[in-house]
2 protein chains.
Amino acid sequence: MKIPKAVQALTESFEKLPGIGPKTAQRLTFYLLHVPQYELDKFAQSLQNLKTGTIICSNCFTVGETDPCEICSDPERDQGVICVVEEPLDVLALEKSGKYKGVYHVLHGRIDPLNNIGPDEIYIKQLLDRVKGEGSVTEIILATNPTMEGEATAMYIDKQLKASASAKAPADKQNLPAGRQGEKLKVTRIGRGLPIGADLEYADEITLQRAMEGRIEI
Amino acid sequence: MKIPKAVQALTESFEKLPGIGPKTAQRLTFYLLHVPQYELDKFAQSLQNLKTGTIICSNCFTVGETDPCEICSDPERDQGVICVVEEPLDVLALEKSGKYKGVYHVLHGRIDPLNNIGPDEIYIKQLLDRVKGEGSVTEIILATNPTMEGEATAMYIDKQLKASASAKAPADKQNLPAGRQGEKLKVTRIGRGLPIGADLEYADEITLQRAMEGRIEI
């Protein structure tokens, strides 16, 4: 029996999504056959409007409804502290924690040579330009994921920031300001260690090693 | 930070799909932000065309492009053997095996009291009418899933078929023809036991019990 063309087409669209294999794609399509037409139309409308209804902020590259985005244009937030993340979803996650009062810079990826993603494929140059341009940046928090690729990306950015700082102040031997004149630009990495709710017994060696290194006085 | 409305709307549509939670829905939506607009339009088009491009066969209730469907209108297939399955996907799975030459009847569900699905919510009555009406049915293969609900559905259909057979031939004490006059209507259940590639050691008790019961001489 041939699979109807309409079913085949939708199955193929689902299959292209990350983490959705052929079986799941088929299951989702057949599920939608039982859904009323107006729900399908609503779903279709949302898909078509996704990109037209959102704007990438030209300052921090997060996904928002305005440019500059809500966070970049908020006078209450410290424009001198930039948290660098891989994806717009990371901004949402950090915002939910409610503790951070600085701004963001979204790379839209990570350096990942195995998948042919080099430093030029993500917004690293824009970050360096932003730090140089604004001139009032005091801290860069590298909050890329604690994976191999995330660590490599953080290291690369750290190196670039320091190189551009010393290029700006060649007379000075120290790693001096890429940002605020005469002040040292702090580059930090988000803390690593045991997540809340974890079990010491089941933690991997590197996490435990990092937790020991990152211990603080209580 | 507020999530853009366009992102929120698509996330909600994804969340309504079975097996997709809020995190996955968000991940899929943000993935689609990187996809070109024409791909999104194609996806949207497929969604809108899903139901208009398919027809439910009025004979066997499978999903096809014509009514009656390809299988029901195929003169090569034995219209006297009906395989009863829960979903259109089961038809595809059985067709892939390539061994079955009869026709199908799709129930579009299973009797599932916990989810408020009784015998009237699925196409059981239509099956009984079809068996009575065609008058040349020799075998009904109950191929509902070997789950609690699938077994209950199979048992219910078996009972109904036998009841309607004895109602048709009240003088006869045997369970006689709902179908072919004077001939016994065979009602069978698909074989159960160990699937190919399984490991005896890890099989559950009921599967092993069924495998012993269903043993055949080699």
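Residues numbered from 1 in each chain as written. Chains lettered and ligands numbered in written order. Predicted model: local features only at pLDDT ≥ 70, side-chain atom pairs only at ≥ 80, totals over all residues. Heavy atoms only, no water.

A.B. asks: Even after reading the chapter, I still don't get the side chain of Glu86 of chain B, so can you show me in this structure?
C.D. replies: Residues and elements named next belong to chain B. Topologically, Glu86 is positioned in the loop between strand S3 (78–85) and helix H4 (88–97). There is a polar contact of 2.9 Å between the side chain of Glu86 and the backbone nitrogen of Asn145. In this view, Glu86 contacts Val106, Leu107, His108, Gly109, Arg110, Thr144, Asn145 and Gly150; residues no more than four positions away in its chain are not counted. (Helix = DSSP H or I, 4+ residues; strand = E, 2+ residues; numbered from the N terminus. Polar contact = N/O pair within 3.5 Å; in protein donor to acceptor, adjacent residues only side chain to side chain. Contact = heavy atoms within 4.5 Å.)

A.B. asks: Any chance you could explain the sheet that holds strand S5 (residues 139–142) of chain A here in plain terms?
C.D. replies: All names here are of chain A. The strand order across the open sheet formed by four strands is S4-S3-S5-S6, and the pairing between neighbours is parallel. What marks the edges here is a single partner per strand, and that holds for strand S4 (102–106) and strand S6 (186–189). Within the sheet, the average angular offset between the axes of one strand and its neighbour, ignoring direction, is 25°. Two strands pair when backbone bridges link them, and S5 and S6 are joined in this way by four bridges, in the parallel orientation. Paired with Glu139 across the bridge in S6 is Lys186. The sheet strands contacting helix H4 (residues 88–97) are strand S3 (78–85) and S4, and the helix crosses S4 at an angle near 160°. (Pairing = 2+ DSSP bridges. Axes fitted to C-alpha atoms, helices over the stretch in contact; angles between N-to-C directions.)

A.B. asks: Teacher, can you tell me more about the relation of the copies chain B and chain A here?
C.D. replies: One chain copy maps onto the other through a rotation about an axis and a shift parallel to that axis. Each copy superposes on the other: chain B lies on chain A with an RMSD of 0.1 Å after a rotation of 180° and an axial shift of 0.0 Å. When the rotation and shift are considered jointly, the pair of chain copies conforms to a two-fold rotation axis. For chain B, the residue whose C-alpha comes nearest the rotation axis is Ala44 of chain B, separated from it by 2.1 Å. An overlap of 100% is found between the interface residues of chain B and their copies at the interface of chain A, pointing to a shared contact surface. (Least-squares fit on C-alpha atoms with pLDDT ≥ 70 in both.)

A.B. asks: It is not clear to me how the domain arrangement of chain A should be interpreted in this structure. Could you clarify?
C.D. replies: Interfaces are often described in size by the accessible area the parts lose on coming together. Entries for chain A in the domain assignment read domain 1 (5–53) and domain 2 (75–213). Taking only C-alpha atoms, the centre of domain 1 of chain A and the centre of domain 2 of chain A are 37 Å apart. (Domains from an automatic or database assignment.)

A.B. asks: Where do I start with the packing of aromatic side chains in this structure?
C.D. replies: Two numbers describe a pair of aromatic rings. These are the distance of the centres and the angle of the planes. Going through the model one piece at a time under the given rule, you end up with seven aromatic pairs over all chains. Centroid distance Phe43 of chain A to Phe14 of chain B: 5.3 Å. Interplanar angle 85°. Geometry classified as edge-to-face. In this pair, Phe43 of chain A is assigned in helix H3 (residues 37–52) and Phe14 of chain B in helix H1 (residues 5–15), connecting two distinct chains. (Phe/Tyr/Trp six-rings, centres within 6.5 Å; stacked < 30°, edge-to-face > 60°.)

A.B. asks: Got a minute to help me understand the pattern of salt bridges in this structure?
C.D. replies: Side-chain pairs of opposite charge can arise where the charged atoms are in close proximity. Residues and elements named next belong to chain A. Evaluation of the coordinates by the stated rule reveals 20 salt bridges over all chains. One salt bridge in this structure joins Glu139 and Lys186, with 4.0 Å as the shortest N-O distance. Here Glu139, found in strand S5, pairs with Lys186, found in strand S6; they are 47 residues apart in sequence, far enough to count as distant. We classify Lys186 as partly exposed; its relative accessible area is 48%. (Salt bridge = Lys/Arg side-chain N within 4 Å of Asp/Glu carboxyl O. Buried < 20%, exposed > 50% of the residue type's maximum accessible area, 1.4 Å probe, protein only.)

A.B. asks: What should I look at first to understand the environment of Tyr123 of chain B in this one?
C.D. replies: Residues and elements named next belong to chain B. Relative to the helices and strands, Tyr123 is located in the loop between strand S4 (102–106) and helix H5 (124–134). For Tyr123 and Lys42, which are 81 residues apart along the polypeptide, the C-alpha to C-alpha distance reads 33 Å. If near-sequence neighbours (up to four positions away) are discounted, Tyr123 is found in contact with Phe61, His105, Val106, Leu107 and His108.

A.B. asks: How do you make sense of the side chain of Glu139 of chain B when you look at a structure like this?
C.D. replies: Residue and element names in this part refer to chain B. Take Glu139: its relative accessible area is 18%, and that puts it in the buried class. A distance of 2.9 Å separates a polar atom in the side chain of Glu139 from a polar atom in the side chain of Thr188. Non-local contacts of Glu139, meaning those with residues more than four positions away in its chain, are made with Gly80, Val81, Ile82, Leu185, Lys186 and Thr188.

A.B. asks: I'm lost on the environment of Gly135 of chain B in this one. Help?
C.D. replies: All names here are of chain B. Among the structural elements, Gly135 can be located in the loop between H5 and strand S5 (139–142). Using a relative accessible area of 29% as the deciding quantity, one classes Gly135 as partly exposed. Sequence-wise, Gly135 and Gly80 are 55 residues apart; in three dimensions their C-alpha atoms are separated by 8.8 Å.

A.B. asks: Can you help me understand a nonpolar patch on the surface in this one?
C.D. replies: All names here are of chain B. Nonpolar side chains collect at one region of the surface, where Leu194, Leu200 and Leu208 lie side by side and expose about 250 Å² of accessible area between them. Structurally, Leu200 is set in the loop between strand S6 (186–189) and helix H7 (205–213). On the basis of relative accessible area, Leu200 is assigned to the exposed category, the value being 56%. (Patch = residues over 30% accessible without salt bridge, like charges linked within 9 Å, V, L, I, M, F, W, Y side chains within 5 Å. Areas by Shrake-Rupley, 256 points an atom, 1.4 Å probe, with all protein chains shown as cover.)

A.B. asks: Please explain the interface of chain B and chain A as it appears in this structure.
C.D. replies: Listed by partner, the interface residues are 54 residues for chain B and 54 residues for chain A. Between chain B and chain A the total buried area reaches about 5300 Å² when both faces are included, carbon and sulfur atoms providing 69% of it. For the chain B face of the interface with chain A, the top three residues by lost area are Met1, Leu47 and Leu50 of chain B, together amounting to 14%. Between the two partners, chain B and chain A, sit two salt bridges. Put simply, chain B and chain A have ten residue pairs in polar contact (both at pLDDT 80 or more) between them. Elements that contribute at least two residues to the side of chain B that touches chain A include exactly H1, helix H2 (22–32), helix H3 (37–52), strand S2 (63–64) and H4 of chain B. (Buried area = accessible area lost by both parts, 1.4 Å probe.)

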